[in-house]
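Each chain, written out:
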Amino acid sequence: MTGTRGYHHGDLRRALLAAAVRVIEESGPGALSLRDLARRAGVSHAAPAHHFGDKAGLLTALAAEGFDLLAEALGGAADLLESGVAYVDFAVRHRAHFEVMFRPDLYRADADEVAAARRRAGDALYAGVAGLPQGRPTAEDPQGDALAAWSIVHGFATLWLAGVLPERVGDDPRAAARDVIRRLFPTE
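Just so we're clear, the structure is a prediction, and the values are computed from it rather than from any experiment. (Residues numbered from 1 in each chain as written. Predicted model: local features only at pLDDT ≥ 70, side-chain atom pairs only at ≥ 80, totals over all residues. Heavy atoms only, no water.)

S.K.: Explain the pattern of salt bridges here, please?
M.R.: Two side chains with opposite charge may pair up if their charged atoms get near one another. Under the counting rule described, the total for this entry stands at 13 salt bridges. Its salt-bridge partner being aspartate 36, residue arginine 39 comes within 2.5 Å of it at the nearest N-O pair. Here aspartate 36 and arginine 39 lie together in helix α2 (residues 34–41), a separation of three residues that amounts to about one turn. We classify aspartate 36 as buried; its relative accessible area is 17%. (Salt bridge = Lys/Arg side-chain N within 4 Å of Asp/Glu carboxyl O. Helix = DSSP H or I, 4+ residues; strand = E, 2+ residues; numbered from the N terminus. Buried < 20%, exposed > 50% of the residue type's maximum accessible area, 1.4 Å probe, protein only.)

S.K.: Which parts of the structure should I look at to understand the packing of helix α7 (residues 112–130) against helix α8 (residues 142–162)?
M.R.: Packed helix pairs are characterised by how far apart their axes lie and by the angle those axes make with each other. Taken N-terminus to C-terminus, the directions of α7 and α8 make an angle of 110°; their axes are 9 Å apart at the nearest point. In this view, α7 runs roughly perpendicular relative to α8, as classed from their interaxial angle. The two elements α7 and α8 meet at a crossing, and its hand is right-handed. Of α8, the residues touching α7 (which contributes Leu125, Tyr126 and Val129) are Pro142, Gln143, Asp145, Ala146 and Trp150. (Axes fitted to C-alpha atoms, helices over the stretch in contact; angles between N-to-C directions. Parallel < 35°, antiparallel > 145°, perpendicular 65-115°, else oblique. Left-handed = near helix turned anticlockwise from the far one by under 90°. Contact = heavy atoms within 4.5 Å.)

S.K.: Before we go on, may I ask you to explain the packing of aromatic side chains in this structure?
M.R.: By convention here, two paired aromatic rings are described through the distance between centres and the angle between planes. Counted by the stated rule, this structure contains five aromatic pairs. Both rings, one in tyrosine 87 and one in phenylalanine 98, keep their centres 6.1 Å apart while their planes meet at 85°; by these two values the pair is edge-to-face. Here tyrosine 87 is found in helix α5 (residues 80–93), whereas its partner phenylalanine 98 is found in helix α6 (residues 95–101), with 11 residues between them in sequence. Residue classification places tyrosine 87 among the buried residues on the basis of a relative accessible area of 2%. With a centroid separation of 5.3 Å and 65° between ring planes, the pair formed by phenylalanine 98 and phenylalanine 102 is classed as edge-to-face. Judged by its relative accessible area of 6%, phenylalanine 98 is buried. Owing to a relative accessible area of 25%, phenylalanine 102 belongs among the partly exposed residues under this scheme. Among the aromatic residues, those joined into a cluster by ring pairs are Phe67, Tyr87, Phe98, Phe102 and Trp150. (Phe/Tyr/Trp six-rings, centres within 6.5 Å; stacked < 30°, edge-to-face > 60°.)

S.K.: Sorry, what's going on with the packing of helix α4 (residues 55–75) against α7 here?
M.R.: One can describe the packing of α4 onto α7 by two numbers: an axis separation of 8 Å at closest approach and a directional angle of 20°. What the angle tells us is that α4 and α7 run roughly parallel. α7 is crossed by α4, and the crossing has left-handed handedness. Where α4 approaches α7, its residues Thr60, Ala63, Ala64, Phe67, Asp68, Leu70, Ala71, Leu74 and Gly75 are matched on the opposing element by Glu113, Val114, Ala117, Arg118, Arg120, Ala121, Ala124 and Leu125.

S.K.: Got a minute to help me understand the confidence of the model for the chain in this structure?
M.R.: Low pLDDT marks regions whose predicted coordinates should not be analysed in detail. Across the chain, the average pLDDT comes to 90, with 93% of residues at or above 70. This model gives residues 1–7 a pLDDT under 50, and the stretch forms 10 contacts once residues within four places in sequence are excluded. (pLDDT = per-residue confidence, 0-100.)

S.K.: Explain the environment of glycine 42 here, please?
M.R.: Relative to the elements of secondary structure, glycine 42 occurs in the loop between α2 and α3 (47–52). When the C-alpha atoms of glycine 42 and leucine 16 are compared, they prove to be 9.9 Å apart, with 26 residues separating the residues in sequence.

Spelled out as structure tokens, the structure:
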């Protein structure tokens, strides 16, 4: 290899992850190959393996990054309703990450960086549940409430991304999510 062809990006690891996001957004995680990523990034076919080892290693890094982004998105929410809206917004804005994060068969789910990032995202969602009124019938089971909240928003996000929701929900995922969450998991 000559000149700066190998590392002209300044941060090849970041460039490869960005290329992976584009591939997944275009064709799904099954279409991802390290050789194609190298071509897209303009580096040798061995460069991705140097940074990630293999495809599972790259997807492990992408999943960890996704859980960190999700934790950040949820951390800025004022209450459980807004956490749910932030979750759906994350899924729409970071579709490639979302598609990988919840497919542990694609990556090393037991990797320390994934486990830590997943824990941060879970803690952020749980914080929204902790803000629910104490007198509610399910107050004695906050983990059950967290599972219900996650199920509602994850299911809605998945349906939205699949494009199978009825027309009446409109074209604004945040507004539609807010309406669904308010109906099924009231925060007041």
